[in-house]
Each structure stands twice: as C-alpha cells, then as structure tokens.
Amino acid sequence: MQAKLYSPTPAHLRRLAGVLRRGGLVALPTETVYGLAANALDAQACRAIFRAKARPANDPLIVHVLDLAQAEKLAAFSPIARRLARRFWPGPLTLVLPKKSCVPAIVTSGGDTVAIRSPAHPLARRVLRLAGVPLAAPSANLFGYLSPTEAAHVLDGLGRKIAHILDGGTCAVGVESTILDLTRPDQPRILRPGIITPEVLGKFLGLAIKSPPPLSSGGRIGARLVAPGMMDRHYSPRTPLRIKNSIGPLPPEIAGVFMRKPANRPPGNVRWLSRRGSLAEVARNLYRVLREIDRAGFEEIWVEALPADAGGPAAALRDRLKRAAAKR
Ligand code: TXA
Ligand code: MG
C-alpha cells in the first residue's frame, strides 16, 4: 500500500468521509496531533487501526464526536461531565466516562469506560459532519513513537500501512489532549496532562483534581488500573534522549535541544523549540524537532529541562519528555 495525501477540497472531504462510512481508515488533522480515524461503531474498522499502528489491544482508543449530543449516545454523562463538555468542547479535553453498549469492546480494550472528545480542528469537524458517525482516532503514528503534527509525519510512519491522509498543515497545539477520568464523578483525575491544566479544570469545577498515576505504576492507583495504555516509554524518538538541567559543551555526535535559541552556540547540532521561550510554541514544535533530529542520525539527544517554575502547559511537556527519555 502507498498512502495518498489529500488536500482539503470539498470533493476530497466527501470522498474521505465515504471511505470512513464504508469501514476504511483515514488519517486526519486535529488541533492537537494527527489522528488515524475509523468509524467507532464498526469493530472491524477499529481492528484495522490497531493493525496499522502495531498497537497492543490493551491500549484503548479515543472517540471523536461533533458535539455533546453525539457523545451522549456513546457514554453516560454526569452533570459534571456535561458542564465540562459545554465549557471545553470543541477542544483538547478528553473525558473518560461509563460507556454505552453501542461502543464496541475493541475501542475500549474490553473495559466499561470510553474516552471521548470533540475536536476543534475545522477539518476534523467537517469530516465528522460528512461521515455522520463518531470516529475512533488514536494518534496517527506507529505505536510508541512521537505523535505526528504534520501530514508528512503520518506518511513517514504509516505511508505503507494506510491509503488515505488528509493534509491539514501543522497542528496548532502540538501535544495530545488532556485526559480526565470522570468514572468517579466527584473525584476527577487527570490521566494524561495536556494544555488544559488541572488548575483551570479545578477552578472551573470548584473541585480538587487528582493527579495521574505516577510513572512506573503501570497506570495503577493502588490495585485499580485507571490509565490503560499509559506506558512509561511513549512518545519517544529512536535516538536515546536525556533531560539535562543545563547543557554544557556539546560533542558533535550529540544534538542539543534548547527551549529558546541559545546565544553563541555553533549551529550544527543545536536546535531550539521556541524563539522567545513561549511554552505554546515549545509544544507546537517539540515532536517535529525531535523527528528531524531522529532522521539526522545523532547518537544521543540532550534536551534542556523546562524551568522549574514554569506552569500551564509545562506539566504536559515535562510528562512527554520523561516518557521520551524512559528506557525501553
Ligand atoms: O489529542 C489527542 O487525544 C489525540 C488526537 C488524535 O485526538 N489522540 C490521542 O490518542 O492521543 P492516543 O491513542 O494516542 O491516546 C489514547 C490514550 C490511550 O493510550 C489511553 O491512555 C487513553 O487514551 N484512554 C483511551 N481510552 C481510555 C479509557 N477508557 N480509560 C482510560 N484511558 C483511556
Ligand atoms: Mg498515541
């Protein structure tokens, strides 16, 4: 198979929606990262997502919907879940809720909860509207690798596994959605940090937001598996990556990644994630820069740690870097 890139013309969008309705796979842009989409109500189609990504069956998928009304057909919403959806959708917030019986077991890895979000990207929304079905869509990369933030990244990883990629340019957010577990409605828990922070969610709800299970816990809080599919090593380049509090002299075989453009460094093995240190820009550039370094054949990547006092999206970036640096 050789994937084709489709520009977002009305005719292409209709055609790709048709592919999805007939049980095919389409990679498409969302505001966070590109997703590999299939009809979420078609177990056979969802099985093909796992095959294309080489994704283990115990790593459940996120279902994308147009709006709260479509989401309520798939999951049981508590009043708190409804308030969050009304305030933060469309946008990069995924809610984990008790699933309804129409959601196939393969989507939830056999579990009784389903992860749902309504994407803000206009192209994702147009495809959802044309397809008329909810779309299961994990990130459109090979399992464990860096998520794709451009159509070329999807082509790179899945070009021989899928046929259709919708090219919507660069993703504006650049890191995956915040995942909030609401299976205990009065005890919301972040499972994966994103740009919608626990501070913002907690303030809006007037509730304390619980932290994700720590690294090396296997996604467990006590004996309870709350975060299936959250592997320690994830979102990782092939080149070994280390997080450094400060980067001294850089041997030529090592790539150095700085949060902002450093002064007085020879350019050969130096990269930076933002011009002036904006965290939103760091998030947008992180996976692209790591992919470029991965292709260039350095022996190791040293990434400057985020400033200890950085808030907001910094927690999501620290989480992704820690997982990128985790040992196989
Ligand atoms: O921003 C995003 O969320 C992107 C775009 C495409 O929407 N999607 C994404 O999907 O990052 P993926 O498959 O790479 O991440 C899905 C993760 C799983 O690895 C798992 O950790 C969590 O979502 N998840 C899915 N269903 C769950 C469930 N029922 N309970 C707990 N966690 C779940
Ligand atoms: Mg993923």
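Anything mentioned here points back to the structure above.
The structure contained in this document is the topic of the report that follows. Owing to the predicted nature of the structure, the values given are computational and were not obtained by experimental measurement. (Residues numbered from 1 in each chain as written. Chains lettered and ligands numbered in written order. Predicted model: local features only at pLDDT ≥ 70, side-chain atom pairs only at ≥ 80, totals over all residues. Heavy atoms only, no water.)

**Here's the deal with the overall build of the chain**
Alright, step 1. When you go through the chain residue by residue, the secondary structure sums to nine helices and 16 strands.
Alright, step 2. Relative to the 2.2 N^0.38 estimate, which gives 20 Å for 328 residues, the radius of gyration of the chain is 19 Å and therefore close to what a compact globule would have.
Alright, step 3. Based on the C-alpha atoms only, the size of the chain along its principal axes is roughly 60 × 45 × 30 Å.
Alright, step 4. Within the chain, buried positions represent 55% of all 328 residues.
Alright, step 5. Here the contacts in the chain between residues at least 6 apart in sequence split such that 66% fall between residues at least 24 apart. (Helix = DSSP H or I, 4+ residues; strand = E, 2+ residues; numbered from the N terminus. Rg over C-alpha atoms; globule rule 2.2 N^0.38 Å. Buried < 20%, exposed > 50% of the residue type's maximum accessible area, 1.4 Å probe, protein only. Contact = heavy atoms within 4.5 Å.)

**Some words on the layout of surface pockets**
Alright, step 1. Here the largest pocket defines a volume of roughly 770 Å³.
Alright, step 2. Along the walls of the largest pocket sit 46 residues, with Asp-59, Pro-60, Ala-115, Ile-179 and Pro-228 positioned nearest its centre.
Alright, step 3. Looking at the lining of the largest pocket, the elements with two or more residues in it are β4 (62-64), β6 (113-117), β9 (178-181), β10 (189-192) and β12 (224-225).
Alright, step 4. For the lining of the largest pocket, the element with the most residues is β6, which contributes four residues.
Alright, step 5. When the residues that make up the lining of the largest pocket are grouped by side-chain class, the tally is 20 nonpolar, 17 polar and nine charged.
Alright, step 6. By volume, the second largest pocket is sized at about 320 Å³.
Alright, step 7. Around the second largest pocket, the lining is made up of 16 residues, and of these Leu-142, Phe-143, Tyr-145, Ser-236 and Arg-238 lie nearest the centre.
Alright, step 8. Elements with a minimum of two residues in the lining of the second largest pocket: α6 (151-158) and α8 (279-296). (1 Å grid on protein atoms, 1.4 Å probe; cavity = no way out; pocket = protein on both sides within 12 Å on 5 of 7 lines; lining within 4 Å. Points joined across faces, edges and corners; volume = space filled by probe spheres on them. Nonpolar A, V, L, I, M, F, W, Y, C, P; charged D, E, K, R; others polar.)

**Things to note about the sheet that holds strand β16 (residues 300-304)**
Alright, step 1. An order of β13-β16-β14-β15 is seen for the four strands of this open sheet, with the pairing classed as parallel. Since the sheet does not close on itself, it has two edges, and those belong to β13 (241-244) and β15 (270-272), each with one partner. For this sheet, the mean inter-axis angle between neighbouring strands, taken without regard to orientation, is 25°.
Alright, step 2. Relative to β16, strand β14 (residues 254-258) runs parallel, the two sharing four bridges. Each bridged residue has a counterpart across the sheet, and for Ala-255 the counterpart in β16 is Ile-301.
Alright, step 3. Set on the sheet, α8 makes contact with β13, β14, β15 and β16; between it and β15 the angle comes to about 160°. (Pairing = 2+ DSSP bridges. Axes fitted to C-alpha atoms, helices over the stretch in contact; angles between N-to-C directions.)

**Here's the deal with the site of ligand 1**
Alright, step 1. Around ligand 1 sit 27 residues in total, of which Thr-32, Arg-55, Asp-59, His-64 and Ser-177 are the nearest.
Alright, step 2. In the model, an oxygen atom of ligand 1 is placed 3.0 Å from a nitrogen or oxygen of the Arg-117 side chain.
Alright, step 3. Side-chain polar atom of Ser-177 to an oxygen atom of ligand 1: 2.6 Å apart, as the coordinates give it.
Alright, step 4. Across the complex, the protein chains shield 98% of the 690 Å² of accessible surface that ligand 1 would expose by itself.
Alright, step 5. Structurally, ligand 1 is housed in the largest pocket.
Alright, step 6. When contributions to the shell around ligand 1 are tallied by element, the ones reaching two or more residues are β4, β6 and β10.
Alright, step 7. Among the elements that line the shell around ligand 1, the one with the most residues is β6, at four residues.
Alright, step 8. Classifying every residue of the shell around ligand 1 gives 14 nonpolar, eight polar and five charged. (Near = heavy atom within 4 Å. Polar contact = N/O pair within 3.5 Å; in protein donor to acceptor, adjacent residues only side chain to side chain. Areas by Shrake-Rupley, 256 points an atom, 1.4 Å probe, with all protein chains shown as cover. Sits in = over half its atoms within 2 Å of the grid points.)

**Here we look at the nonpolar core**
Alright, step 1. Core analysis: the largest hydrophobic core is formed by 50 residues, its most contacted members being Phe-77, Leu-84, Trp-89, Leu-95 and Ile-162.
Alright, step 2. Among the secondary structure elements, those contributing two or more residues to this core are β3 (35-39), α2 (43-53), α3 (68-72), α4 (79-88), β5 (93-98), β6, α6 and α7 (198-205).
Alright, step 3. For this core, the element with the most residues is α2, which contributes six residues.
Alright, step 4. Those residues in contact with Phe-77 that sit more than four places away from it in its chain are Leu-68, Ala-71, Glu-72, Arg-82, Ala-85, Trp-89, Leu-95 and Leu-97.
Alright, step 5. Counting residues in each nonpolar core, the second largest holds 36 residues, with Ala-115, Ile-179, Leu-279 and Val-282 among its members. (Core = buried A, V, L, I, M, F, W, Y, C linked by side-chain atoms within 4.5 Å.)

**Description of the pattern of salt bridges**
Alright, step 1. Applying the stated criterion across every chain yields a total of nine salt bridges.
Alright, step 2. Of the charged contacts, one joins Glu-31 and Arg-117 as a salt bridge, the two residues approaching to 2.8 Å between their closest N and O atoms. Here Glu-31 is found in the loop between β2 (26-28) and β3, whereas its partner Arg-117 is found in strand β6, with 86 residues between them in sequence. Each member of the pair Glu-31 and Arg-117 is classed as buried.
Alright, step 3. The closest approach of N and O atoms between Arg-323 and Asp-319, which form a salt bridge, is 3.0 Å. Note that Arg-323 and Asp-319 are positioned in helix α9 (residues 314-325) at a spacing of four residues, about one turn of the helix. Across the pair, exposure class does not vary: Arg-323 and Asp-319 are buried alike.
Alright, step 4. Here the residues in one salt-bridge network are Glu-176, Asp-319, Arg-320 and Arg-323, joined through shared partners. (Salt bridge = Lys/Arg side-chain N within 4 Å of Asp/Glu carboxyl O.)

**Quick notes on the environment of Ile-293**
Alright, step 1. Within the secondary structure layout, Ile-293 lies in helix α8.
Alright, step 2. Given the relative accessible area of 0%, Ile-293 is considered buried.
Alright, step 3. Considering only alpha carbons, one finds Ile-293 and Val-257, 36 residues apart in sequence, at a separation of 9.4 Å.
Alright, step 4. If near-sequence neighbours (up to four positions away) are discounted, Ile-293 is found in contact with Ala-255, Val-257, Arg-271, Phe-298 and Ile-301.

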